[in-house]
Amino acid sequence: MNNIPSISIVIPAKNESRNLPSFLPMLHLLYPDAEILLINDGSTDDTAAIARAAGVTVIDHPYSMGNGAAIKTGARHAKNDILVFMDADGQHDPGDIPALLNKLNDGYDMVVGARNAGSHASLFRRLANKFYNKLASMMTGHKIEDLTSGFRAARANKFRKFLYLLPNGFSYPTTSTMAFFRSGFPVAYIPIHAGKRSGKSHIRLMHDGFRFFIIILRIGVLFSPMRLFLPISSIVFSLGAGYYGYTYFTENRFTNMSAVLFLSSLFIFLIGIVSEQISSLHYKNIE
């Protein structure tokens, strides 16, 4: 592994004492020169003690602040130019890191490990992730193969530009991916197989799934408003035109409902234009 560049591996962890005794020694063995940062997000078990015993740099949160908050803490403290983010639950294979870095060297600013269909624990997760990927691709104008994968490598100077946007919860991959695409920073994907996690997941499927959907819409409004507002405006306008056609041929009149729909379509379109101008302010100092 001598050809591996200097990297900082950031690992958010909460109550992962079951997985760390096998996971951390493997990281040390494969990447002896890497900076390994474990962000202890308010664990109530021996997570921090096990990590320190393994020779890993541990940064403690005084209480559980969320997966995204741990990622931000790690990114702020990392010393190297390349950040590798991975989970501590045993799902991500440390042996896949060189593939991420090799792709990064092809001129990309972020490389994401895209999980295959068999990596998802249930049919519902597979369908939900497919839907999120399609919706996010529409918002950004780029094909997004895995919107929610937490296994990724990124250039530190680019990733830190968006720390203020990242939520403290589990949707940091969503926000960072869409931010990179919208900012014109090239993103690539490599196929990986994520193993079954050991222990209990901290993600509540229905609750956090809805939050992922809201985050996608929020980022769409923030970064590419017209991709959201223009289709909605067109749908409302079409409803108004259709209803007007119906009332014209059946009652030979123009109704108030048609007027409301036409005006609503216009207002939605104008809001999209204003939002597009506001979103551009996020990039005036991007370089």
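None of the values given here were measured: they were computed from a predicted structure.

Angle between the axes and distance between the axes: these two values describe a pair of packed helices. Put simply, helix α9 (residues 225–251) and helix α10 (residues 256–280) touch, their axes get as near as 8 Å, and they point 170 degrees apart. Between α9 and α10, the crossing angle belongs to the class labelled roughly antiparallel. In terms of residue class, the contact of α9 with α10 is made up of 18 nonpolar, nine polar and one charged.

A separate point is the pairing of strand β3 (residues 57–61). With five bridges joining them, strand β2 (residues 35–41) and β3 adopt parallel strand pairing. Within β3, the position partnered with asparagine 40 by the bridge is aspartate 60. Between β2 and its parallel partner β3, the chain crosses via helix α2 (residues 47–53), and the hand of that crossover is right-handed.

Another aspect to go through is the pattern of salt bridges. A full pass over the atoms with the stated rule returns five salt bridges. As a salt-bridge pair, arginine 52 and aspartate 60 come within 2.5 Å of each other at their nearest N and O atoms. A residue is classified by how much of its surface remains accessible, and arginine 52, at 45% relative accessible area, is partly exposed. Exposure remark for aspartate 60: the relative accessible area of 38% places this residue in the partly exposed category. Across the pair arginine 115 and aspartate 146 runs a salt bridge, and its minimum N-O distance is 2.8 Å. Of this pair, arginine 115 sits in strand β5 (residues 110–115) while aspartate 146 sits in the loop between α5 (123–140) and β6 (152–155), placing them 31 residues apart in sequence. A residue is classified by how much of its surface remains accessible, and aspartate 146, at 2% relative accessible area, is buried. Taken together, the salt bridges that share partners define one network made up of Asp109, Arg155 and Lys158.

On the basis of which strands lie adjacent, the open sheet formed by seven strands has the order β3-β2-β1-β4-β6-β5-β7 and mixed pairing. Looking along the sheet, the strands with just one partner apiece sit at the ends: β3 and β7 (187–192). Here the average twist between neighbouring strands, direction ignored, is 20 degrees. As defined by bridge partners, strand β1 (residues 7–13) adjoins strand β4 (residues 82–85) across four bridges and the pair is classed as parallel. The residue bridging serine 8 from the neighbouring strand is leucine 83, located in β4. Strands β1 and β2 of the sheet are contacted by helix α1 (residues 20–30), whose axis makes an angle of about 175 degrees with β1. Strand contacts of helix α3 (residues 67–77): β1, β2, β3 and β4, with the helix running at about 145 degrees to β2, the strand carrying the most contacts.

Cut-off values and rules
- Residues numbered from 1 in each chain as written.
- Predicted model: local features only at pLDDT ≥ 70, side-chain atom pairs only at ≥ 80, totals over all residues.
- Heavy atoms only, no water.
- Axes fitted to C-alpha atoms, helices over the stretch in contact; angles between N-to-C directions.
- Helix = DSSP H or I, 4+ residues; strand = E, 2+ residues; numbered from the N terminus.
- Parallel < 35°, antiparallel > 145°, perpendicular 65-115°, else oblique.
- Nonpolar A, V, L, I, M, F, W, Y, C, P; charged D, E, K, R; others polar.
- Pairing = 2+ DSSP bridges.
- Right-handed = clockwise from strand over helix to strand, strands pointing away.
- Salt bridge = Lys/Arg side-chain N within 4 Å of Asp/Glu carboxyl O.
- Buried < 20%, exposed > 50% of the residue type's maximum accessible area, 1.4 Å probe, protein only.
- Contact = heavy atoms within 4.5 Å.

The values reported here are purely geometric and, on their own, carry no functional implication.
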